[in-house]
Amino acid sequence: MKFFKIFIGAFAIIGALAVLTFLTILTALLPYGKNIEKLPSLQKDTALVIDFREPLQERSSVSPLEALQGTSPTLHQIKDSVYLASKDPKITKLIGLFGSGRFSLADIEELAPALKAYKQSGKIMVAYGSDFGGYAGGSSSYALASYFTDIQMQPMGMVTFTGPATQSPYFATLLKKIGITPEIERRAEYKTYANPVLETSMPDSEKEMLLSLFSNLNEHLQKIVMENRGLSLDDLNAIAKDSPVIDTKAQNLHLVDGLSYYEDLLNTYNLHNQRKLTSVSDYLAYQNQLSSKFEKDIAVLIADGQIMPSSSKNASPFEDEALTPSAIRRSVQDIIEKKDLYKGVIIRINSPGGSAQASEAIRYALTEFKKNDLPSVISMGATAASGGYWIATGSDYIVAQPSTLTGSIGVISGKFSAEELIKKLDINISEVGMSDNATMWSPFKSFTPEQALKHKALVDYTYKAFIDRVAKARGLSLEEAEERARGRVYTGEQALALNLVDALGGLDTAARHLLNIPETEELGTLARHYEYYPQQGNPFDQILQLISQQVAITPKMIKILTLTKPIVNGLLTSTQTLSGTQATMPYQIQE
């Protein structure tokens, strides 16, 4: 009897946990219901508030559980909202909130046309920050803030404008002491990824490349601030030597226009009424209901992140899907199935590279657009280097920002051998295999001379394949492609001079080429024509799919869960008004 009570009690606890979990999911899903009766609205004299204290990202999360938590707006959503706000008479203020965040200069260049359009409208435009760079260093935070007409900083805050820099530790001596040998092949001298484990200090070739990159990037940063703030080059060089610059001095140097506390910002610009504040996501929801007459006739496929052969089956449901051939193929197929709706495709690449084989598979998958009579253009984001550039060779036209980091046409491969360490520790390794090369990649032993030659041949083959694709895509001879390769990284501006890209600009520049729109035609509303891929599905449906994949669940249970969906949507109808008018300012600008 006692055992029976324990048995029943255990099942009661499991049942209670199941109910609690289900109710939690229902609660989390409330914001995703459809409220047909109540559409988003916007009052007169509204302020659009953008939080630049978070990193800028290329795409929204496609993870269902991450989506339930809410995600920050993307770079493109921010740009679109600013463009639209510049023409919207109901939006009278643009408030940017800053801190110690650092941004890619290419992302700032992507936002710049929209910020300039808003500035030309003559409306209020305020950048407020506890710091602009602060202890994080760099110059990007202040460079972005300089596009605003009024820069306000909290007393005791700091402005940092030092220019690009990097530091790298080198472990070759340490690894040799402990008995670990990097057996790595790289092509070629500028392929610096493994330098920290192969070298005792930074090689001259790497220094030369970095100085060239940093000089070009710093020129762009200085040009932005000189144009926006009316400062001279001598001013900025002096500020760089003196950075970080503390509050009063920053004001005296015309880096900021005033020193004020958060409460001062609220009072000066009448930001207490939360009904007259809107976030990027809420504002775009409002705009989308007005733009039904605009067709989504440009597909934008975002290829973002490290390139991997496949996603991990054990990946957390809170994680986004990796940049893999299978993920790209799904989006390509989705676009092709709707090709009659689109005038073309913009492939937006923001990737430092990864697997060479996966890069080649993605490159080939993108050629399906041409086979289906869908013109395509590459738009490079902050980084489109190595495997990211390999992908780009699948299109006939490439657009990059002046400060995009691209190139890095080279390959690297190898392993770490702990053979000497194992000997020092008196560890014995036994092996059984059907061939000498069955354990070729084992970390317990070094390559044999024959294996080292085979490894070298594999790397040479992959490097040659990369060079071949670059030469064919860019109309270069193999010698010309090799000269531009060797693993060297370029800015977009440098790449244009070397015929590695076709034009400088952002997503809208790519759209101009795709649709043959002249430079004189305004693109402020073109954002309404973009349809982004991969698309985020309904979180409820995704969670049901996730449950069915991760848990041994019966079809009957799936049916029961599915039947609850109308109930959830019904609950949503009664709560959507509350969620639609809530919390923009408190969550956006709290310190």
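Residues numbered from 1 in each chain as written. Predicted model: local features only at pLDDT ≥ 70, side-chain atom pairs only at ≥ 80, totals over all residues. Heavy atoms only, no water.

### A few points about the pairing of strand S10 (residues 298-304)
Test applied: When a residue's accessible area, from a 1.4 Å probe over protein chains only, is under 20% of the maximum for its type it is buried; when over 50% it is exposed; and in between it is partly exposed. Every helix listed is a DSSP run of H or I at least four residues long, and every strand listed is a run of E at least two residues long, numbered separately from the N terminus. Any two strands are treated as partners once DSSP identifies two or more bridges connecting them.
The buried fraction of S10 amounts to 7 of the 7 residues, a majority that puts the element mostly inside the structure. What you see with S10 is no split at all: Ile298, Val300, Ile302 and Asp304 on one side and Ala299, Leu301 and Ala303 on the other are buried throughout. Summarising the sheet, S10 and strand S11 (residues 344-351) pair through 7 bridges and their orientation is parallel. Bridge pairing in S11 places isoleucine 302 opposite arginine 348. Of the pairings in the sheet, the one linking S10 to strand S18 (residues 530-533) comprises 4 bridges and is parallel in character. In the strand pairing of S18, isoleucine 298 is matched with tyrosine 530.

### Quick notes on the sheet that holds strand S3 (residues 124-129)
Using the following cut-off: Every residue pair with non-hydrogen atoms within 4.5 Å of one another is taken to be in contact. Every angle, taken between N-to-C directions, lies between 0 and 180 degrees, and every axis is a line fitted to C-alpha atoms, over only the stretch in contact when it is a helix.
With respect to topology, 6 strands assemble into an open sheet ordered S8-S4-S3-S2-S1-S9, the strand pairing being parallel. Edge positions in the open sheet fall to strand S8 (258-259) and strand S9 (277-278), since each of these has one partner strand only. Of the strand pairs in this sheet, strand S1 (residues 46-51) and S9 are connected by 2 bridges, and their pairing is parallel. The residue of S9 that forms the bridge with alanine 47 is leucine 277. On top of the sheet, helix H3 (residues 75-87) reaches S1 and strand S2 (91-98); it is set at about 160 degrees to S1, its chief contact. In this fold helix H12 (residues 280-290) packs onto S1, S2 and S9, with an angle of close to 130 degrees to the strand it touches most, S1.

### Here we look at the pattern of salt bridges
For clarity, the threshold we go by: Each reported salt bridge corresponds to a side-chain nitrogen of Lys or Arg within 4 Å of a carboxyl oxygen of Asp or Glu.
Counted under the stated rule, the structure contains 25 salt bridges. The residue lysine 338 makes a salt bridge to glutamate 531 at a minimum N-O spacing of 3.7 Å. Taken together, the positions of lysine 338 in the loop between helix H13 (325-337) and S11 and glutamate 531 in strand S18 put the pair 193 residues apart, joining distant regions of the chain. Under the relative-accessibility criterion, lysine 338 is labelled partly exposed at 28%.

### Focus: the packing of helix H8 (residues 204-229) against helix H9 (residues 233-242)
The following threshold applies: Here a crossing is taken to be left-handed if its near helix is turned anticlockwise relative to the far helix by less than a right angle, and right-handed if that turn runs clockwise.
At their nearest, the axes of H8 and H9 sit 10 Å apart, and the two run at 120 degrees to each other. Seen from above, H8 lies across H9 with right-handed handedness. Of the residues in H9, those in contact with Gln222, Val225 and Met226 of H8 are Leu233, Leu236 and Asn237.

### Digging into the packing of aromatic side chains
Here the distance between the centres and the angle between the planes together describe a pair of aromatic rings. The condition is simple: Each pair of aromatic rings taken from Phe, Tyr and Trp, with Trp reduced to its six-membered ring, is defined by centres within 6.5 Å and is described as stacked if the planes are under 30 degrees apart, edge-to-face if over 60, and tilted in the remaining cases. Comment: the charge-over-ring label is applied if NZ (Lys) or CZ (Arg) is within 6 Å of the ring centre and within 35 degrees of the ring normal.
All told, the structure shown has 12 aromatic pairs when counted by the stated rule. Each ring, one from phenylalanine 52 and one from phenylalanine 103, has its centre 6.5 Å from the other, and the planes form 85 degrees; the classification is edge-to-face. Of this pair, phenylalanine 52 sits in the loop between S1 and helix H2 (64-69) while phenylalanine 103 sits in the loop between S2 and helix H4 (105-120), and the two are 51 residues apart along the sequence. Since its relative accessible area comes to 2%, phenylalanine 52 is described here as buried. Phenylalanine 103 gets classed as buried once you look at its relative accessible area, which sits at 10%. On the numbers, 5.9 Å between centres and 90 degrees between planes, the contact of phenylalanine 98 with phenylalanine 148 is edge-to-face. Residue phenylalanine 98 is found in strand S2, and its partner phenylalanine 148 is found in the loop between helix H5 (140-145) and strand S4 (150-153); the two are separated by 50 residues along the sequence. By relative accessible area, phenylalanine 98 is classed as buried at 2%. Among the aromatic residues, those joined into a cluster by ring pairs are Phe52, Phe98, Phe103, Phe132, Tyr142, Phe148 and Phe161. The aromatic ring of phenylalanine 447 is capped on one face by lysine 415, whose charged end is 4.5 Å from the ring centroid. Over the ring of tyrosine 190 we find arginine 488; its NZ or CZ atom is 4.8 Å from the centre of that ring.

### Some details on the nonpolar core
Note the cut-off: Note on terminology: a nonpolar core comprises buried Ala, Val, Leu, Ile, Met, Phe, Trp, Tyr and Cys residues joined through side-chain atoms within 4.5 Å.
One finds Phe52, Leu94, Leu115 and Phe132 to be the most contacted residues of the largest nonpolar core, which totals 50 residues. Per-element tally for this core: the top contributor is H4, with 7 residues. If we ignore the near neighbours within four places in the chain, the residues touching phenylalanine 132 are Phe98, Gly99, Ala127, Ser141, Tyr142, Ala145, Ile151, Gln152, Met153, Met158, Val159 and Thr160. Ranked by size, the runner-up nonpolar core spans 47 residues in total, among them Ala188, Ala299, Val411 and Ala495.

### Section: the pairing of S4
The line we're drawing: Seen with its strands pointing away from the viewer, a crossover is right-handed if its path from the first strand over the helix to the second goes clockwise.
Alternating residues of S4 divide into Asp150 and Gln152 and Ile151 and Met153, and every residue in both groups is buried. In this view, the connection linking S3 to its parallel neighbour S4 by way of H5 has right-handed handedness. Bridge count between S4 and S8: 2 bridges; the pairing is parallel. Residue pairing for S8: glutamine 152 is matched across the bridge by glycine 258.

### A few points about a negative patch on the surface
Here is the rule we go by: In this scheme, patches are assembled from residues that exceed 30% relative accessible area and form no salt bridge. Like charges are connected within 9 Å, while nonpolar side chains (Val, Leu, Ile, Met, Phe, Trp, Tyr) are connected within 5 Å. Here the open area of atoms and residues is found with the Shrake-Rupley method and a 1.4 Å probe, where only the protein chains shown may cover a residue. For the purpose of charge, His is not counted, nor are the chain termini; Lys and Arg are scored as positive and Asp and Glu as negative. Charge placement uses NZ in Lys and CZ in Arg. For Asp and Glu, CG and CD serve respectively.
A cluster of acidic residues, Glu479, Glu480, Glu482 and Glu483, forms a negative patch on the protein surface. Positionally, glutamate 483 belongs in helix H19 (residues 478-484). The exposed category is assigned to glutamate 483, whose relative accessible area is 54%.

### Some details on helix H18 (residues 449-474)
Counted only if it meets this: In a helix, the anticipated span is given by 1.5 Å times the number of residues less one.
End to end, H18 covers 38 Å across 26 residues, agreeing with the expected 38 Å (1.5 Å per residue, within 8%). Residues of H18 that are buried include every one of Gln451, His455, Val459, Tyr463, Ala465, Phe466, Ile467, Asp468, Val470, Ala471 and Arg474, and no others. Contact partners of the buried residues in H18: strand S6 (181-187), helix H16 (387-392), strand S13 (398-400), strand S15 (411-417) and H19. Note on H18: the residue one or two positions beyond its end, glycine 475, has a positive phi of about 65 degrees.

### Quick notes on the side chain of serine 86
The condition that has to hold: For the purposes of these results, a polar contact is taken to be a pair of N or O atoms within 3.5 Å, where, inside protein, one atom must be able to donate a hydrogen and its partner to accept one; residues adjacent in sequence count only when each atom of the pair is a side-chain atom.
Secondary-structure assignment places serine 86 in helix H3. On the accessibility criterion, serine 86 (9% relative accessible area) is buried. A polar side-chain atom of serine 86 sits 2.5 Å from the main-chain carbonyl oxygen of tyrosine 83. Residue contacts for serine 86: discarding those within four places in its chain leaves Ala117, Tyr118, Ser121 and Lys123.

### Remarks on the confidence of the model for the protein
When pLDDT is low, close inspection of the predicted coordinates is not appropriate. To be explicit about the condition: pLDDT measures how confident the predictor is about each residue, on a scale from 0 to 100.
For the protein, per-residue confidence averages 83 on the pLDDT scale, and residues scoring 70 or more make up 78% of the total. Every residue in residues 314-319 is under pLDDT 50, and counting partners more than four places away or in other chains gives 10 contacts.

### Quick notes on H12
Applicable threshold: The arc in question is traced by the directions running from the helix axis to the C-beta atoms.
Val280, Tyr283, Leu284, Tyr286 and Gln287 are the residues of H12 that are buried. Burial along H12 is one-sided: seen end-on, the buried residues are contained in an arc of 155 degrees. Its buried side turned inward, H12 meets S1, H3, S2 and S9.

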